Amino acid sequence: VPSPPHIKSTRHRHEYSERGEEGKKRRKEKRENKGCAKKGRGENKEEEKMRIISSVRTAPILLSSRLPFLTSRWQRSFSSSIPALSSPSSSAVMADFRSDTVTVPSVEMRKAMAEAKVGDDVMVEDPTTIELEEKVAHLAGKEKGLYVPSGTMGNLICVGVHCRQSDEVIVGSESHLLWYEQVGISAVWGASMRVVKNTEKGELDMNEVRSSIRQVKEKDGSFSLDVHYPRTACIAVENTHNRCLGQAITPSHMEEVRQVCDEYKLGLHVDGARIFHSAAALNTSVSDLLKHADSASLCMSKGVGAPVGSVIVGSEAFIGEARRRRKMLGGGMRQCGIIAAGALFGLENIVPKFKHDIERAQKLGEAFRQFDHLIEMKSDDVQTNMVYFNMKGKNEEERAERASNYASYLRERGVLVEHYGGPLTRIVVHHQIGDDHISHLISSTARFCAEYA
């Protein structure tokens, strides 16, 4: 009997002709094995779904605000399909004081982002991004602004514009540029850092600054440079200064740095990640703090509350070169008006609340001084939205253990703080910390300290 035309191989002809009990049994086994495999894959997918659902459930915002693109009917359907999860006190995060980078977009901010007008920003055609750049440049008192993905990239670009390969940048010993940006200016631009001391106020030691400049000024006003040395090109200042207890750098210090820059024809860059807090603390404007700077990077994703990005500011020529370097680093973001809208919302609605955040941080500082048998405040006063303190103890090991126990104790009560290792703890107040969170942190700290009374 000839084989049907679609049965070509010997194996296929053999399977086609199996019509007895043995063939039926074999085909049944194949179907069952295939079904088991599908079931296994389904179980894995179900486990993955539960993991994702758990992370959504434990997030400190509503599911509806995480998934704004769902209709209300689908939100109800999805929410009802999520099984109830056990919520011990250790997993129910009530307040996150670790940083002002942990804030999440509010429903109102998400609405502004969803409705943003967008275009191609690499072609300078995104209207919302252009609006953000112009607004920040105006606030900073500069000609132009440029939206970049992060503060680290903002600093990297600005220093790159100021420097040539093998040039040197003067930075503070506690600066973010030195500690937390992987020495990117060396890796990318071939520039190096000359480190000078930061004072307790976060200012640069100006005697060290002057002695660190490589160029020698001659009597006729010209400069000479030893052939062995790199050329000093730029001085970088951080404001507020994170590792110096969040101190605000005053306009008078900026003027002092500017005089040195003018004398030696150096650029002046400001890492202004939290400069809006400095302006609020010093009761002045951002433009007053930056009037002596050639460039600055202002973060939109810290206290301002936007999900992404920083804006760098400077002269029109400076930003023109910065735009080229942003492209080189892969920082062109195309239709980024969606996230720029979040930054605009934050500037208009969240930055005006910074004074209140600072007042609440100061309230924490005053409360913690009452526990001086265990807590040693790092400064006499809290100037911005950061509170730093050490745990006391007989030795370094005991102090570090107590600081770790304190962070764990608070976590069990729904509060997160930043323990840096050793005895040091940092607490940061932001707009999503309520007055009830402040009270809860103070009372929890009091109970913890009572155990060591």
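Residues numbered from 1 in each chain as written. Predicted model: local features only at pLDDT ≥ 70, side-chain atom pairs only at ≥ 80, totals over all residues. Heavy atoms only, no water.

Draft legend 1. Quick peek at the overall build of the protein. For the protein, the count of helices and strands is 18 helices and 15 strands. Each of the 453 residues in the protein was classed as buried or not, and the buried ones make up 46%. (Helix = DSSP H or I, 4+ residues; strand = E, 2+ residues; numbered from the N terminus. Buried < 20%, exposed > 50% of the residue type's maximum accessible area, 1.4 Å probe, protein only.)

Draft legend 2. Inspection of helix α5 (residues 107-114) at higher detail. Along α5, the residues classified as buried are M109, R110 and M113. When α5 is viewed along its axis, its buried side chains cluster within an angular range of 100° and face the same direction. Turned more than 90 degrees from where α5 packs its buried face, V107 and A114 sit exposed. (Arc of directions from axis to C-beta.)

Draft legend 3. The pairing of strand β9 (residues 295-299), seen in detail. Among the five residues in β9, five count as buried, and that is most of the element. By the alternation rule, side chains of β9 split into S295, S297 and C299 and A296 and L298, which are all buried. The pairing of strand β8 (residues 267-272) with β9 spans four bridges and is classified as parallel. By the bridge assignment for β9, G272 is matched with L298. (Pairing = 2+ DSSP bridges.)

Draft legend 4. Fine view of empty space enclosed by the protein. All told, the structure shown has two cavities of 30 Å³ or more when counted by the stated rule. Approximately 60 Å³ is the volume attributed to the largest cavity. Residue lining of the largest cavity: L245, Q247, M377, K378, S379, D381, V382, Q383, M386, V387 and Y388, and that is the complete set. Here the lining of the largest cavity gets three residues from one element, more than from any other, and that element is strand β12 (residues 386-391). For the lining of the largest cavity, the class distribution of residues is six nonpolar, three polar and two charged. Volume-wise, the second largest cavity comes out at about 40 Å³. Taken together, V171, S175, H176, L177, A236, V237, E238 and D271 form the lining of the second largest cavity. Sorting the residues of the lining of the second largest cavity by element identifies α8 (176-179) and β7 (232-238) as the ones contributing at least two each. (1 Å grid on protein atoms, 1.4 Å probe; cavity = no way out; pocket = protein on both sides within 12 Å on 5 of 7 lines; lining within 4 Å. Points joined across faces, edges and corners; volume = space filled by probe spheres on them. Nonpolar A, V, L, I, M, F, W, Y, C, P; charged D, E, K, R; others polar.)

Draft legend 5. Looking closely at a nonpolar patch on the surface. On the surface, W179, Y180 and Y420 cluster together into a nonpolar patch covering about 320 Å² of accessible area. For Y180, a relative accessible area of 36% translates into the label partly exposed. (Patch = residues over 30% accessible without salt bridge, like charges linked within 9 Å, V, L, I, M, F, W, Y side chains within 5 Å. Areas by Shrake-Rupley, 256 points an atom, 1.4 Å probe, with all protein chains shown as cover. Salt bridge = Lys/Arg side-chain N within 4 Å of Asp/Glu carboxyl O.)

Draft legend 6. Geometry of the sheet that holds strand β15 (residues 424-428). Overall, antiparallel pairing links the four strands, which are arranged β11-β12-β15-β14 in an open sheet. The sheet is open, and its two borders are formed by β11 (375-377) and β14 (418-419), each paired with just one other strand. The pairing of β11 with β12 spans three bridges and is classified as antiparallel. Across the sheet, I375 pairs through a bridge with M391, a residue of β12. Running over the sheet, helix α17 (residues 396-412) touches β11, β12, β14 and β15 and is turned about 130° from β12. (Contact = heavy atoms within 4.5 Å. Axes fitted to C-alpha atoms, helices over the stretch in contact; angles between N-to-C directions.)

Draft legend 7. Highlighting the packing of aromatic side chains. Applying the stated criterion to the full structure yields eight aromatic pairs. Among the aromatic residues, those joined into a cluster by ring pairs are F368, F371, F389, Y406, Y409, F448 and Y452. (Phe/Tyr/Trp six-rings, centres within 6.5 Å; stacked < 30°, edge-to-face > 60°.)

Draft legend 8. Expanded view of the sheet that holds strand β3 (residues 168-172). The mixed open sheet is built from seven strands, whose spatial order is β2-β10-β9-β8-β7-β3-β4. Only two strands of the sheet have a single partner each, and these edge strands are β2 (144-148) and β4 (192-196). When strand polarity is set aside, the average angle formed by the axes of neighbouring strands in this sheet is 25°. Note: β3 against β7, three bridges, orientation parallel. Of the residues in β7, the one forming a bridge with V169 is C234.

Draft legend 9. Highlighting unusual backbone geometry. The step from N239 to T240 runs through a cis peptide bond, and the omega angle for that step is -5°. Among the secondary structure elements, T240 is positioned in the loop between β7 and α11 (251-264). Non-glycine residue S166 carries a positive phi angle of around 80°. Note on placement: S166 falls in the loop between α7 (151-162) and β3.

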